[in-house]
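Now for the letters of each chain:
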Amino acid sequence: MEQQPLPLAGITVVAVEQAVAAPFATRQLADLGARVIKVERVDGGDFARGYDTAARGLASHFVWCNGGKESIALDLKDPRGLDVVRRLVADADVFVQNLAQGAAARLGLDAATLCAAHPRLIAVDISGYGASGPYADKRAYDMLVQCEAGLVSVTGTPEQPVKAGIPAADIAAAMYAFSGVLAALVRRGTTGRGGPVEVSMLEALTEWMGHPLHHVMHDGTPPARTGLAHAVIAPYDAYATADGGRVLLSVQNDREWRRLAEQVIGRPELGTDPAFATNAARVANRERTDAEVARALGAMGAEEALARLEGAGIACARLRDVREVAEHPQLAARERWREVGSPVGPLKALLPPITWPGGEPARSGDVPALGQHTEALLRAVGMTDGEIAALRREGVAA
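Residues numbered from 1 in each chain as written. Predicted model: local features only at pLDDT ≥ 70, side-chain atom pairs only at ≥ 80, totals over all residues. Heavy atoms only, no water.

## Some remarks on the environment of Arg288
Among the secondary structure elements, Arg288 is positioned in helix H12 (residues 286-297). Overall, the relative accessible area of 45% leaves Arg288 in the partly exposed class. Placed 60 residues apart in sequence, Arg288 and Leu228 show a C-alpha to C-alpha distance of 17 Å. If sequence neighbours within four positions are ignored, Arg288 has contacts with Ala275 and Phe276. (Helix = DSSP H or I, 4+ residues; strand = E, 2+ residues; numbered from the N terminus. Buried < 20%, exposed > 50% of the residue type's maximum accessible area, 1.4 Å probe, protein only. Contact = heavy atoms within 4.5 Å.)

What follows is the structure in structure tokens.
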């Protein structure tokens, strides 16, 4: 059977993007076969290139969000640089931008303007708070939006709220932009027309706040911050093992509790004891419930504890640090790691999570150097050697 191509093969995306939200969205498109042309500043490029030097001298954020793209460096404040972007957009299927509020409109690169000029174009505006309302012009960075969306208020311990350890607001906006583009491409396939797509970080992350948000809107009380414990289920927490590990387990119903009591804790009478027999009772007696589980698991090594829990049909997991995730046996067994090219040589990268059985595998593309594709792209829009040399000489292209 002939292998099917990636679903976005033949789609061209132009992105005037920076940081995480837009770059992560367009990387998803590149993973699925789209050609993504990344427009960067001539003076250093996407500022995420300078966040750190953890990836053998490259920034870890940039490596994560920009594989599989072509980089062109242009000064968009110069009419000649802006003209190049407009030429690229004229042949594109999708345009994505996440410039500061109002900047794209001043350049004529906002979705409304571009879609009026190119009816088949899908143009995506990603912002912090949306194009209207009192927060429209407010500066928006991931942790600030985590605070505004209430995520920080439900994350952490009873004593201390904490931010998520990953840029959750950026990722939420990126994934809604990604799915918005896919939906718009489907619609264009039936109507022949593209159109604008708008995504805000606040609205994306607030959608992800669904459970605590509905809890407080309908019940009136916010869920408690409980660290690794579950607010309304017990036992559901991480417990120390004899060898210094930590094992998390989740009991979802009273049948599982009876199996845990008999086969792991070694006290079958707890399965029918009124203080523990129902989830409501275990939550009300959480300290005693946790103490019984902690005593049992604390006498075992992590591997033994996991084996005992698995044998009893109890959902469980090892609490891994990030280094251990990079060596996760499940990812290794499924061959999810690849090497990708970069300006500093091969780098380890994770295969995209969408798999196409029987089709061409999703890409883990090379990480581009700043302006690596500038000359080729300038030639592609019809520029001569002399014009290209002049743009470089005068700092309009790099």
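## A word on the packing of helix H1 (residues 21-31) against helix H7 (residues 168-191)
Packed helices, taken two at a time, are described by the angle their axes make and the gap between the axes. Relative to each other, H1 and H7 sit at 40 degrees, their axes nearing to 8 Å. Of the possible angle classes, the one that applies to H1 and H7 is oblique. When you trace H1 past H7, the crossing you get is right-handed. Taking contact as the criterion, the partners of Ala21, Phe24, Ala25, Gln28 and Leu29 in H1 are, on H7, Asp170, Ile171, Ala173, Ala174, Met175, Ala177, Phe178, Val181 and Leu182. Classifying every residue of the contact of H1 with H7 gives 12 nonpolar, 1 polar and 1 charged. (Axes fitted to C-alpha atoms, helices over the stretch in contact; angles between N-to-C directions. Parallel < 35°, antiparallel > 145°, perpendicular 65-115°, else oblique. Left-handed = near helix turned anticlockwise from the far one by under 90°. Nonpolar A, V, L, I, M, F, W, Y, C, P; charged D, E, K, R; others polar.)

## Digging into the side chain of Thr241
One can find Thr241 in the loop between strand E7 (236-240) and strand E8 (246-250). Ignoring anything within four residues of it in the chain, the contact list for Thr241 reads Arg246, Val247, Leu297, Gly298, Met300, Gly301, Ala302 and Ala305.

## Some words on the pairing of strand E4 (residues 94-97)
Neither face of E4 is left uncovered, since the one carrying Val94 and Val96 and the one carrying Phe95 and Gln97 both have all their residues buried. Bridging between strand E1 (residues 12-16) and E4 involves 4 bridges; their strand directions are parallel. The residue bridging Val14 from the neighbouring strand is Phe95, located in E4. Bridge count for E4 against strand E5 (residues 122-127) is 4 bridges, and the pairing is parallel. Among the inter-strand pairings, Phe95 is bridged to a residue of E5, identified as Ala123. (Pairing = 2+ DSSP bridges.)

## Let's talk about the sheet that holds strand E9 (residues 315-318)
Strand order in the open sheet formed by 3 strands is E7-E8-E9, with antiparallel pairing between adjacent strands. The open sheet is flanked by E7 and E9, the only strands paired with a single partner. For this sheet, the mean inter-axis angle between neighbouring strands, taken without regard to orientation, is 25 degrees. In this sheet, E9 lies alongside E8 in antiparallel orientation, the contact comprising 4 bridges.

## A look at the packing of helix H10 (residues 254-265) against H12
Relative orientation of the contacting elements H10 and H12 amounts to 35 degrees, with a least axis distance of 10 Å. Seen from above, H10 lies across H12 with left-handed handedness. Within the contact between the two elements, H10 uses Trp257, Leu260, Val264 and Ile265 and H12 uses Thr289, Glu292, Val293, Arg295, Ala296 and Leu297. Of the residues assigned to the contact of H10 with H12, the class counts are 7 nonpolar, 1 polar and 2 charged.

## Here's the deal with the sheet that holds E4
Strand order in the open sheet made by the 6 strands is E3-E2-E1-E4-E5-E6, with parallel pairing throughout. Strand pairing shows two members of the sheet lacking a second neighbour, strand E3 (69-73) and strand E6 (195-200), which therefore form its edges. Looking at each pair of strands side by side, their axes are set apart by 20 degrees on average, direction ignored. Lying on the sheet, H7 is in contact with E4, E5 and E6; it crosses E5 at an angle near 165 degrees.

By themselves, these observations are geometric and do not establish any function.
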